[in-house]
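Here is what each chain is made of, one letter per residue.
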Amino acid sequence: MQISYELIRSRRRTLSMEVTRDARVVVRAPARCAKREIERFVEEHRDWLSEHLAHARERQLRHPEPTPEQEAALRERARRELPQKLAYYAEMMGLHPAGMRITSARTRFGSCSARNSICFSWRLMQYPDEAVDYVVVHELAHIQEKNHGRAFYALVGRYMPDWRERRALLKE
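Residues numbered from 1 in each chain as written. Predicted model: local features only at pLDDT ≥ 70, side-chain atom pairs only at ≥ 80, totals over all residues. Heavy atoms only, no water.

S.K.: Tell me about the overall build of the chain, residues and numbers included.
M.R.: For the chain, the helix and strand inventory stands at 6 helices and 6 strands. The secondary structure elements of the chain, listed N-terminal to C-terminal, are β-β-β-α-α-α-β-β-β-α-α-α. Relative to a compact globule of 172 residues, whose C-alpha radius of gyration would be 16 Å, the chain shows 20 Å and is clearly more extended. Seen along its three principal axes, the alpha-carbon backbone of the chain occupies a region of about 60 × 35 × 25 Å. For the chain, with 172 residues in total, the buried portion stands at 36%. Considering only intrachain contacts with a sequence separation of at least 6, the fraction spanning at least 24 residues in the chain is 50%. Accessible surface, the chain as shown: approximately 10,900 Å² in total, 49% of it carbon and sulfur. Positive and negative charge centroids in the chain, built from 32 and 24 side chains respectively, lie 7 Å apart. (Helix = DSSP H or I, 4+ residues; strand = E, 2+ residues; numbered from the N terminus. Rg over C-alpha atoms; globule rule 2.2 N^0.38 Å. Buried < 20%, exposed > 50% of the residue type's maximum accessible area, 1.4 Å probe, protein only. Contact = heavy atoms within 4.5 Å. Areas by Shrake-Rupley, 256 points an atom, 1.4 Å probe, with all protein chains shown as cover. Lys, Arg positive; Asp, Glu negative; His and termini not counted. Charge placed at Lys NZ, Arg CZ, Asp CG, Glu CD.)

This is the structure:
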């Protein structure tokens, strides 16, 4: 079976391959790399590709891209619910975010800037409330602990002892 892929040539020195979130294969190659060498590279990684393509396709089935109507509803729900959740947990934790924004981020459910401004992706609203609450507490914890060290998870655990189970909901 021939594996189809997008080839991107550049001034790089090595070959690399990735499976994108939308289940496409992208091969990056040096500008002067022979086509047969690229084909051999892809063939040598056939098992890896099959496994990662299956995972990407499974993820697409579990989390299909929302329709424009669904996106609008999720955005509205995020605007309605996330400020309340943020205020609730911020008061509980004694932490004060500088601000909050709703974004369209695809690969992050939330982030906390160095200036303590918190962003949440509207895509987070596709997950159970327990997972949403975990992301809120996680981002608030970054106001006090800027990394994912032991102290960070101790802080998250103080306010959400079942954080591991809640985080697992985001990976389903």
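S.K.: Just give me the short version of the nonpolar core, but keep the residues and values in it.
M.R.: Core analysis: the largest hydrophobic core is formed by 29 residues, its most contacted members being Phe120 and Leu140. Considering every element that reaches this core, the biggest residue donor is helix H4 (residues 129–144), with 9 residues. Dropping the residues within four chain positions of it, Phe120 is found in contact with Leu82, Leu86, Met100, Arg101, Ile102, Thr103, Phe109, Gly110, Val135, Val136 and Glu139. Residues Tyr5, Ala29, Ile38 and Leu53 belong to the second largest nonpolar core, which totals 16 residues. (Core = buried A, V, L, I, M, F, W, Y, C linked by side-chain atoms within 4.5 Å.)

S.K.: Could you give an account of the sheet that holds strand E6 (residues 117–121), naming the residues involved and the relevant values?
M.R.: Taken in spatial order, the 3 strands line up as E4-E6-E5 in an open sheet, and their pairing is mixed. On the outer flanks of this sheet lie strand E4 (99–103) and strand E5 (110–112), each paired with one strand and no other. When strand polarity is set aside, the average angle formed by the axes of neighbouring strands in this sheet is 15°. Note that E5 and E6 share 3 bridges and pair antiparallel. Paired with Gly110 across the two strands is Phe120, which belongs to E6. Across the sheet, helix H3 (residues 68–93) is in contact with E4 and E6; its angle to E4 comes to roughly 150°. (Pairing = 2+ DSSP bridges. Axes fitted to C-alpha atoms, helices over the stretch in contact; angles between N-to-C directions.)

S.K.: Hey, could you go over the pairing of strand E3 (residues 25–30) for me, with residue numbers and the actual values?
M.R.: Among the 6 residues of E3, 5 are classified as buried, and the element is accordingly described as predominantly covered. Here 4 bridges tie strand E2 (residues 16–19) to E3, and the two strands are oriented antiparallel to one another. From the neighbouring strand, Glu18 faces E3, where its bridge partner is Val26.

S.K.: Which residues make up the packing of H4 against helix H6 (residues 163–171), and what values go with them?
M.R.: Their axes nearest at 8 Å, the elements H4 and H6 cross at an angle of 110°. It follows that H4 is roughly perpendicular to H6 by the angle criterion. When the axes of H4 and H6 are compared, the crossing they make is left-handed. Contact with H4, carried on its side by Glu130, Ala131, Asp133, Tyr134 and Val135, involves Trp163, Arg166, Arg167, Leu169 and Leu170 of H6 and no other residues of that element. Here the contact of H4 with H6 is built from residues that sort into 6 nonpolar, no polar and 4 charged. (Parallel < 35°, antiparallel > 145°, perpendicular 65-115°, else oblique. Left-handed = near helix turned anticlockwise from the far one by under 90°. Nonpolar A, V, L, I, M, F, W, Y, C, P; charged D, E, K, R; others polar.)

S.K.: Explain the packing of H3 against H4 residue by residue, including any values.
M.R.: With their axes 10 Å apart at the nearest point, H3 and H4 run at an angle of 55° to one another. Considering their axes alone, H3 and H4 lie oblique with respect to each other. Relative to H4, the crossing made by H3 is right-handed. Two secondary-structure elements touch here, H3 through Arg77, Glu81, Leu82, Lys85, Leu86, Tyr89, Ala90 and Met93 and H4 through Asp129, Val132, Asp133, Val136, Val137, Leu140 and Ala141. Class assignment of the residues belonging to the contact of H3 with H4 gives a composition of 10 nonpolar, no polar and 5 charged.

These figures come from the coordinates and say nothing about function on their own.
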